[in-house]
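Okay, here's what each chain looks like letter by letter:
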Amino acid sequence: MAVRNISDVNPNDNAAPLEVRVIRTWQPFLFQNEHCYLFVDSRGDAIEAYGNRRDKALFESKFSVGLCYRISKYLSKKARNSHNVVPSNATIHLGRSTVFEPIVGVDIPHQYFNFMPYESLRARENMHFLLTDYIGRFDRFTSDTRTTSGKRLMKFLLEDANERFIEVALWEEIADAVDKEALVNTPFPCIVAVTSMKVLRFKNLQLASTAATHLYGNPTIQDASDLANRFRERYAGINMDDRYTLPIANILAKNPVDYMEVKFSCIASIVSYNPRRSWFYKGCTVCKKKLGSREDALICDDHHDAPQPKYLYCINCTIADSTGNATVTIFDIPFQSVIKIPCNELVIQQGYTDSMTTPDVFSKLLGVSHMFKLQFNDRAHTGFTQFVANEVLEYVPVMNEVAVNEVVVNPTITEVSDPADVENQHATQPLENPPTNVALETTVKQVPFTPVTPAKIYTTKRQLFALSGEGSNKAPKTNAP
């Protein structure tokens, strides 16, 4: 019988032989009576195959991952209603009578990917009919912890060709299989491909692993080679210590939706404090969240047995450089690092118990240059940009540097819109392990300046484009069950 191409397999077809390479295997979470495999043929098309879990040892005595076989006496079935790993309307059902004949000398790919570009991810949010493959530059690990249920959760950032970052969350067995040291120590740029991800939203857009997820570092495919070349060209000649620093105007020009996970640096100074916002709050000594009132007591929803509340800084202020201004919320540790006085001391020992009266000592920071590490507030919206400062560092200017801006904006005093109220600070707490790498449009350096408060600068969207070849051969959008 003639060999059939994978693309010609339809549900309930006769079992014409297939010549394939077995490239992946996994145990699904949702379909626990099955064990799954991914086959690819010489044309680069792929199809999912599955058999009864109890027959796993039998199947794997007949074939091995990475090798090629002619397969016959199988059944073709309709694709599942959710969690499909390839855009095919059919799957292969393996039985005990399925025949695997080893073949050699055939040109069949060793890998298969169906990459989705960044701008198409939102359409797949919580739509799990077809899982998502994605490729980008490994930026850094942002966390590796155990959840309250004891499950391991590892997170890192990937950057695409257009400087857009997305968080990847790997659960349990998938995280355990990752060689973190190898990823961190791989020479720049380290290109990572992840397969079979769910597109979710946890504060921001996120790719979350499934049982079928596999991670590949610097895969030997053209997409990875092209992407690596683009990153080498982008950062050629750029001092790696300087590429994270941008003037405020450049940061404001970013679209918060695309840069919510990115941590920017700018050299600026505090020019004013917001008199309509409190400068401290009573927080949990464990998680630092604002305590809620319950039956005349202050209680943390997550830590009922925590000690007495602690006074913590929550400074809402305007920072400025010679290019623009921005409204920033600075929390306890970053602000204490520059004011050098614990909040508890100001409130309890020095008697500043009125949260709406700014202490005199704060004035010593006005006009003093600092390095601010900023992230967009996750409640930023059109026409109003607000940031959270994860770090505030002392800045020592370097003499004889070249100014970043030839033309300085004429100063105009403008009232800045109020930021989000501290009553709902859960969304604006700084990340435990905030990301540090950001992509730059230009190499910039700053010189000392006299801070001003120029006219308000609004965020604007930029034109985005996808990598050539990405997003092809995608299944139609279908709602998950």
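Since the structure is predicted, the reported quantities are computational estimates derived from the model, not experimental observations.

**Q** Even after reading the chapter, I still don't get the pairing of strand E8 (residues 132-146), so can you show me in this structure?
**A** Counting buried residues along E8, 11 of its 15 residues qualify, which places the element largely inside the surrounding structure. Two elements, E8 and strand E11 (residues 191-202), share 5 bridges in a ladder whose sense is antiparallel. The residue of E11 that forms the bridge with Tyr134 is Val194. As judged from the 8 bridges shared by E8 and strand E9 (residues 152-159), these two strands associate in the antiparallel manner. Across the sheet, residue Thr145 finds its bridge partner in E9, namely Leu153. Where E8 hands over to E9, the hairpin turn is made up of 5 residues, of which Gly150 adopts a positive phi near 90 degrees.

**Q** Looking at this model, I keep getting lost on the side chain of Thr323. Mind explaining?
**A** Structurally, Thr323 is set in the loop between strand E18 (310-320) and strand E19 (325-331). Separated by 2.8 Å, the side chains of Thr323 and Asp321 make a polar contact.

**Q** Could you clarify how one ought to interpret unusual backbone geometry in this entry?
**A** Phi is mostly negative for residues that are not glycine, and the peptide bonds are mostly trans. Note the cis peptide between Phe188 and Pro189, where omega equals -5 degrees. As for its placement among the helices and strands, Pro189 is situated in the loop between helix H3 (180-185) and E11. Even without being a glycine, Ser196 presents a positive backbone phi close to 55 degrees. Ser196 gets classed as buried once you look at its relative accessible area, which sits at 1%. Despite not being glycine, Asn218 shows a phi value in the positive range, around 45 degrees. Mapped onto the elements, Asn218 comes out in the loop between strand E13 (215-217) and helix H4 (222-234).

Reading the values: the criteria
Residues numbered from 1 in each chain as written. Predicted model: local features only at pLDDT ≥ 70, side-chain atom pairs only at ≥ 80, totals over all residues. Heavy atoms only, no water. Buried < 20%, exposed > 50% of the residue type's maximum accessible area, 1.4 Å probe, protein only. Helix = DSSP H or I, 4+ residues; strand = E, 2+ residues; numbered from the N terminus. Pairing = 2+ DSSP bridges. Polar contact = N/O pair within 3.5 Å; in protein donor to acceptor, adjacent residues only side chain to side chain.

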